[in-house]
Amino acid sequence: MLDLTFEAPKPKVIQGAKSEWELVIGMEVHAQVSSNAKLFSGASTRFGAEPNSNVSFVDAAMPGMLPVINEFCVEQAVRTGLGLKAAINLRSAFDRKNYFYPDLPQGYQISQLYHPIVGEGEVIVEMAPGVARRVRIERIHLEQDAGKSIHDMDPAMSFVDLNRTGVALMEIVSRPDIRGPEEAAAYVGKLRQILRYLGTCDGNMQNGNLRADVNVSVCRPGAYERYQETQDFSHLGTRCEIKNMNSMRFIQAAIEYEARRQIAILEDGGKIDQETRLYDPDKGETRSMRSKEEAHDYRYFPCPDLLPLEIEQAWVDDIADRMPELPDAKKARFMADFGLTDYDASVLTAELDAARFFEEVAKGRDGKMAANWVINELFGRLKKEGHEIGESPVSAAQLGAIVDLIGKGDISGKIAKDLFEIVYTEGGDPAEIVEARGMKQVTDTGAIEKAVDEVIAANPAQVEKAKANPKLAGWFVGQVLKATGGKANPAAVNELVARKLGL
Amino acid sequence: MSGLNELTIAEARDALRKGEATSVDLTMACMTAMDAASALNAFVHPTPEIALEQARAADARIQAGEAPAMCGIPLGIKDLFCTKGVPSQAASAILEGFKPEYESTVTSRLFGAGAVMLGKLNMDEFAMGSSNETSTYGNAVNPWRRGNDATPLTPGGSSGGSAAAVAADLCLAATGTDTGGSIRQPAAFTGIVGLKPTYGRVSRWGIIAFASSLDQAGPMTKTVRDAAIMLQAMAGEDPKDSTSAEIPVPDFEAALTGDIRGKKIGIPKEYRMEGMPSEIEALWHQGAEMLSDAGAEIVDISLPHTKYALPAYYVIAPAEASSNLARYDGVRYGHRARLAQGDGITEMYEKTRAEGFGKEVQRRVMIGTYVLSAGFYDAYYNRARKVRALIKKDFEDVFAQGIDAILTPATPSSAFGLGEMADADPVAMYLNDVFTVTVNLAGLPGIAVPTGVDQKGLPLGLQLIGRPWAEADLLNHAHVLERSAGFVSKPAKWW
């Protein structure tokens, strides 16, 4: 079993004008299911298509059209549930959430209010080595996305693009277990990482494929613990929901602002109205969208066009058998198998592609050295140019070959950096490049000895100093390496210099 | 050969196969009858070009010797069915000018079997009504009259156009849909056969939805045999309708053996309503005797929750309708209100829907919205669902006792006069469904069979209710009842 013991982080404490406050945050993350077709129609989900080109008769809510569940989307939801260690409900059902809006052609969203497909699970959000927040997942349900209304193309008209209408979403609902803005961002980050590992959501926040509604309330220190003991929400403050956040940075900023806004009201003797708010990134503030009184009455009821969704345990088991290794397990394995530090293992497992790349480099080689080269040289270089790991001009095989050349003592670390640069910019087989360009390290002691003798002979004053202070022997090593164009094996030079100087 | 339009499907099929008539002949005869029947206002969108083209194609298939039973049979199609390129409005102004780009599963199966579409038939708006008076096209008229009294009568609803057209021999048969009795009540009012199949037997895809958990399409025909033949072509699983059932479709016509010896027929005591006309009570009794004479055993049964069926129905059906009809918003198709300066999206919705929906539809949308709203959901919608489950269980219990079919009146009266109910409480109109809604709530098959005429000379029907998926058996019972009753009356032609 993996060692996943950790301590809980301290909650964020905000100093108000009069007293201290703590934050309580719960999130509803909407993750677009990675699938080729929509949840209830065969239409494509391709992003960036011409407006209204990915629209079936069902999506446009033509009279008499009926939804038919896309089995793959169900499988993705189950896979996600398993990835969050959640209970899978073998029987779930779809409900209609009724409201009028032009980008909602049916006049209702098909969702799962009463019987979601996934029940309780958890996400472990690491905040520092050995420090992590366990965020409980309340449920995950499948639902349809709406289309897009465009109000700024024409002064008098609004336009509607139905391409996104009916695309499958998973709404992942957390318990109010998040205790600060950084934790909130880290939670979304961790969720995104897991979803990407699972291949159930691409996590592209910019395109809106992953977005969060953030519920924020504040309470006095101690109140949250009473809530945790009793699960009685009355210990907590009144919450406001900040809708549709699609950037980690904005999530943090919005929570910071919202917390301070609520604290200011409470310290003034006011009370918080339960309401839906929107974050304005330009002004850095949240503003009211609609109050509880103005809240829609969605008139949920079971969707009569769809039978209850019944799945079999054997099918769930089959999905479970095909689960990929998830970030926490991979990180623990990297630490155990390759002797990596917590930090290096985190960096290497942040993205699945990077982890795969690293493993290929590390296979049969020194894991720490491989990690160094992947993180410091390759990631550093890629980052400088704004490239993703998938766009790396250096393949894992090439980087592995460089590591091999160092390991065999064919090249020094310094030469290896030059070699890396050549491979990065020009490509080619590292071993051949070393051979062809005479970059091979000199291990012939005769040649090194000659160079050492020459340096000693040319610097009698330094010899005296070094004899008095052996630490200065390093100067001779540097001179010898310089004289040999960096190709002399540093270990051999060290040893010879010490011997010749009689240290 | 005169009066080809008066043939039954079975007769026409045989004539076509023997080469005694062509589908074009049949179709022309129906079109001539339709032309002369504008007073009935049954067909609202005739499709003569399509009809003749389909008839010619059918004749070619018949000549090639590969004709299914429905091949070449001219039909009327209820306006609720989406028919490709042909106005499909659910008799509502809100779908003004709407011509779908797709063909409903039922009509495409019928046309695939070679059936001919004469046109679209009148109905109550969105199938909400029992008299065909809520139609945007104006009401259809029953071809039957009270003797020499010229008072125009309702053909019933919502499939009133279908019933009038079949009864007046404007077509050989018609499609109908039944949410609370919309096939069986008009069939009874016009002296024809109307079958509502088991929920899930016939695909709902492409049928404009009223109440999705109750809606079911079925045949409206001149005889029980025709209902068997036509249902055969309509029924079967459809991957496009998740509620259609993966249950094999038997040979319904072959099931018409006329032998019901040893079958148990239940007579539910709760259907003996107070104030029920004695003629209907007598007819019900006679029906039971006919089945008994044919060798069936008559058993008194109880369906204890029957009295809650109508209120439960008038909660569930409007609830679903309020949601199903939300899509008629003026955004994508159909009617959109002319907007005033400064009007926004809310005004567009309000004006469009106020102009596009008739009063009865508006009433039901409001009822449905109310019963689903926060604070009322449990008191109305949820309670109605529980009642529905109890009603279903009532039937399961009697079927478990060995009952094969249940005999009831089809309607509480014969056809009433158009406009007679105009000022009545809407509930009085809703009472028309009292014998039929239980069948929809329980998802069972039910058939109305013309069994007699009342003192005014108007047809009366009885209803047989079958076990789920037992349409074959149900049709056989209906066949026996039809044969015993010997109902052959036709309305005297006045139009």
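Nothing here was measured: the structure is a model prediction, and the numbers come from that model.

Thresholds, definitions, all that
Residues numbered from 1 in each chain as written. Chains lettered and ligands numbered in written order. Predicted model: local features only at pLDDT ≥ 70, side-chain atom pairs only at ≥ 80, totals over all residues. Heavy atoms only, no water. Helix = DSSP H or I, 4+ residues; strand = E, 2+ residues; numbered from the N terminus. Rg over C-alpha atoms; globule rule 2.2 N^0.38 Å. Contact = heavy atoms within 4.5 Å. Areas by Shrake-Rupley, 256 points an atom, 1.4 Å probe, with all protein chains shown as cover. Lys, Arg positive; Asp, Glu negative; His and termini not counted. Charge placed at Lys NZ, Arg CZ, Asp CG, Glu CD. Buried < 20%, exposed > 50% of the residue type's maximum accessible area, 1.4 Å probe, protein only. Pairing = 2+ DSSP bridges. Patch = residues over 30% accessible without salt bridge, like charges linked within 9 Å, V, L, I, M, F, W, Y side chains within 5 Å. Salt bridge = Lys/Arg side-chain N within 4 Å of Asp/Glu carboxyl O. Polar contact = N/O pair within 3.5 Å; in protein donor to acceptor, adjacent residues only side chain to side chain. Domains from an automatic or database assignment. Buried area = accessible area lost by both parts, 1.4 Å probe. Nonpolar A, V, L, I, M, F, W, Y, C, P; charged D, E, K, R; others polar. 1 Å grid on protein atoms, 1.4 Å probe; cavity = no way out; pocket = protein on both sides within 12 Å on 5 of 7 lines; lining within 4 Å. Points joined across faces, edges and corners; volume = space filled by probe spheres on them. Disulfide = S-S within 2.5 Å. Expected span 1.5 Å × (residues − 1). Arc of directions from axis to C-beta. Axes fitted to C-alpha atoms, helices over the stretch in contact; angles between N-to-C directions. Phe/Tyr/Trp six-rings, centres within 6.5 Å; stacked < 30°, edge-to-face > 60°. Lys NZ or Arg CZ within 6 Å of the ring centre and 35° of its normal.

A.B. asks: How should the overall build of chain A be read in this particular structure?
C.D. replies: Scanning chain A for helices and strands turns up 16 helices and 16 strands. For chain A, whose C-alpha radius of gyration is 30 Å, the value lies well above the compact-globule estimate of 23 Å for 503 residues. For chain A, contacts bridging at least 24 residues in sequence account for 71% of all contacts bridging at least 6. For chain A, the exposed area adds up to about 23400 Å²; of that, 51% sits on carbon and sulfur atoms. The distance from the centre of the 60 positive side-chain charges to the centre of the 76 negative ones in chain A is 4 Å.

A.B. asks: Before we go on, may I ask you to explain the pairing of strand β9 (residues 405–409) of chain B in this structure?
C.D. replies: All names here are of chain B. With five of its five residues buried, β9 lies for the most part within the structure. Judged from the two bridges that link them, strand β7 (residues 264–268) and β9 form a sheet pairing that is parallel. Across the sheet, the residue bridging to Ile-265 is Ala-405, located in β9. With five bridges joining them, β9 and strand β11 (residues 459–466) adopt antiparallel strand pairing. Along β11, the bridge assignment pairs Thr-408 with Gln-463.

A.B. asks: Please explain a nonpolar patch on the surface as it appears in this structure.
C.D. replies: Residue and element names in this part refer to chain A. Taken together, the side chains of Met-153, Met-157 and Phe-159 present a nonpolar region at the surface, about 310 Å² in accessible area. One can find Met-153 in the loop between β8 (148–150) and β9 (159–161). With a relative accessible area of 57%, Met-153 lands in the exposed category.

A.B. asks: Just to check I follow, could you spell out the environment of Leu-472 of chain A for this structure?
C.D. replies: Residue and element names in this part refer to chain A. Within the secondary structure, Leu-472 is located in the loop between α14 (460–468) and α15 (473–483). On a C-alpha basis, the gap between Leu-472 and Gln-462 in space is 8.3 Å, while along the polypeptide they are ten residues apart. Beyond its immediate stretch of four places on either side in the chain, Leu-472 contacts Lys-465 and Ala-466.

A.B. asks: Is there a simple way to think about the side chain of Asn-70 of chain A in this case?
C.D. replies: All names here are of chain A. Mapped onto the elements of the fold, Asn-70 is located in the loop between β2 (20–32) and α1 (71–83). In this structure the side chain of Asn-70 is engaged in a polar contact, spanning 3.1 Å, whose partner is the backbone oxygen of Lys-38. A polar side-chain atom of Asn-70 sits 2.9 Å from the main-chain amide nitrogen of Phe-72.

A.B. asks: Just checking my understanding: could you explain the domain arrangement of chain B for this structure?
C.D. replies: Where the parts come together, the accessible area they lose is often given as the size of the interface. All names here are of chain B. Assigned domains of chain B: these are domain 1 (4–258) and domain 2 (307–384). Each of domain 1 and domain 2 was reduced to a C-alpha centroid, and the two centroids are 28 Å apart. Facing the 20 residues of domain 1 at the interface are 20 residues of domain 2. Summed over both partners, the interface of domain 1 with domain 2 comes to about 1600 Å²; 65% of that surface belongs to carbon and sulfur atoms. Summed over the shared surface of domain 1 and domain 2, the result is zero salt bridges. For the interface between domain 1 and domain 2, the tally reads nine residue pairs in polar contact (both at pLDDT 80 or more). In terms of residue class, the side of domain 1 that touches domain 2 is made up of eleven nonpolar, seven polar and two charged.

A.B. asks: Explanation requested: the pattern of salt bridges in the structure shown.
C.D. replies: A side chain with one charge may pair with a side chain of the opposite charge, provided their charged atoms come close. In the structure shown here, the tally under the stated rule is 66 salt bridges over all chains. Among the ionic pairs, Lys-351 of chain B bridges to Asp-343 of chain B, the shortest N-O distance being 2.6 Å. Judged by its relative accessible area of 29%, Lys-351 of chain B is partly exposed. Several salt bridges converge on common partners, so that one network encompasses Glu-75, Arg-79, Asp-318 and Arg-322 of chain A.

A.B. asks: I keep staring at empty space enclosed by the protein and nothing clicks. Help me out?
C.D. replies: It is a probe the size of a water molecule, rolled over the atoms, that shows where empty space is left. Here the structure, examined in full by the defined rule, presents four cavities of 30 Å³ or more. As a volume, the largest cavity reaches approximately 140 Å³. Taken together, 16 residues form the lining of the largest cavity, with Gly-64 and Leu-66 of chain A together with Arg-204, Ile-207 and Ala-209 of chain B sitting closest to its centre. In terms of residue class, the lining of the largest cavity is built from eight nonpolar, four polar and four charged. Summarising the domain contributions, the lining of the largest cavity has at least three residues from each of domain 1 (4–258) and domain 2 (307–384) of chain B. Each pocket or cavity is described by its volume, and for the second largest cavity that value is around 80 Å³. Taken together, domain 1 (4–258) and domain 2 (307–384) of chain B each give at least three residues to the lining of the second largest cavity, which thus spans both.

A.B. asks: For this particular structure, what's the right way to read the state of the cysteines?
C.D. replies: Structurally, a disulfide amounts to a covalent bond that connects the sulfur atoms of two cysteines. Applying the stated criterion across every chain, the model contains zero disulfides over all chains. The thiol of Cys-82 of chain B is unpaired, and the distance to the nearest cysteine sulfur, on Cys-303 of chain A, comes to 18 Å. A relative accessible area of 0% means that Cys-82 of chain B is categorised as buried. Counting only cysteine sulfurs, Cys-30 of chain B is the nearest neighbor of Cys-171 of chain B, a cysteine outside any disulfide, at a range of 6.6 Å. Given the relative accessible area of 0%, Cys-171 of chain B is considered buried.

A.B. asks: What is the right way to read helix α13 (residues 445–458) of chain A from this model?
C.D. replies: All names here are of chain A. The end-to-end C-alpha distance of α13 is 20 Å, a good match for the 20 Å that 14 residues give at a rise of 1.5 Å each. All of the buried residues along α13 are Ile-448, Ala-451, Val-452, Val-455 and Ile-456. The arc enclosing the buried residues of α13, seen along the axis, measures out at 135 degrees, which places them on a common side. Turned more than 90 degrees off the buried face of α13, the exposed positions are Lys-450, Ala-457 and Ala-458. At its buried positions, α13 is contacted by α14, α15 and α16 (490–501).

A.B. asks: Would you mind going over the sheet that holds β9 of chain B with me for this structure?
C.D. replies: Adjacent strands of a sheet pair through backbone hydrogen bonds, lying either parallel or antiparallel. Residue and element names in this part refer to chain B. Read across the sheet, eleven strands follow the order β1-β3-β2-β4-β6-β5-β10-β11-β9-β7-β8 without closing on themselves; strand pairing throughout is mixed. Each edge of the sheet is formed by a strand with only one pairing partner; in this case those strands are β1 (43–46) and β8 (297–301). Strand-to-strand twist across the sheet, computed as the mean angle between neighbouring axes with direction ignored, equals 30 degrees. Inspection of the sheet shows strand β5 (residues 193–196) paired to strand β10 (residues 446–453) by three bridges, in the antiparallel sense.

A.B. asks: Honestly, the packing of aromatic side chains in this entry has me stumped. Any pointers?
C.D. replies: Within a pair of aromatic rings, the relevant descriptors are the distance that separates the centres and the angle that separates the planes. By the definition in use, this model includes 33 aromatic pairs over all chains. When the centroid spacing of 5.1 Å and the interplanar angle of 85 degrees are considered together, the rings of Phe-338 of chain A and Phe-358 of chain A count as edge-to-face. Taken together, the positions of Phe-338 of chain A in helix α6 (residues 327–338) and Phe-358 of chain A in helix α8 (residues 352–362) put the pair 20 residues apart, joining distant regions of the chain. Each member of the pair, Phe-338 of chain A together with Phe-358 of chain A, is buried. Summarising the aromatic geometry, the rings of Trp-494 of chain B and Trp-495 of chain B are spaced 5.7 Å apart at their centres and angled 85 degrees between planes, so their arrangement reads as edge-to-face. Taken together, the ring pairs connect Phe-98, Phe-126, Tyr-328, Tyr-333 and Phe-357 of chain B into an aromatic cluster. The ring of Trp-205 of chain B is capped by Lys-240 of chain B, whose NZ or CZ atom sits 3.6 Å from the centre of that ring.

A.B. asks: Is there a simple way to think about the pairing of strand β11 (residues 210–219) of chain A in this case?
C.D. replies: Regular strands place side chains that alternate from one sheet face to the opposite one. All names here are of chain A. In terms of burial, β11 is a largely internal element, ten of the ten residues being buried. Every second residue of β11 is oriented toward a common face, with Leu-210, Ala-212, Val-214, Val-216 and Val-218 on one face and Arg-211, Asp-213, Asn-215, Ser-217 and Cys-219 on the other, all of them buried. Here β2 runs beside β11; their pairing, made up of ten bridges, is antiparallel. Bridged to Val-29 within β11 is Ala-212. In this structure, β11 lies alongside strand β12 (residues 240–245), joined through four bridges in antiparallel fashion. When the sheet's bridge partners are listed, Val-216 is paired in β12 with Cys-240.

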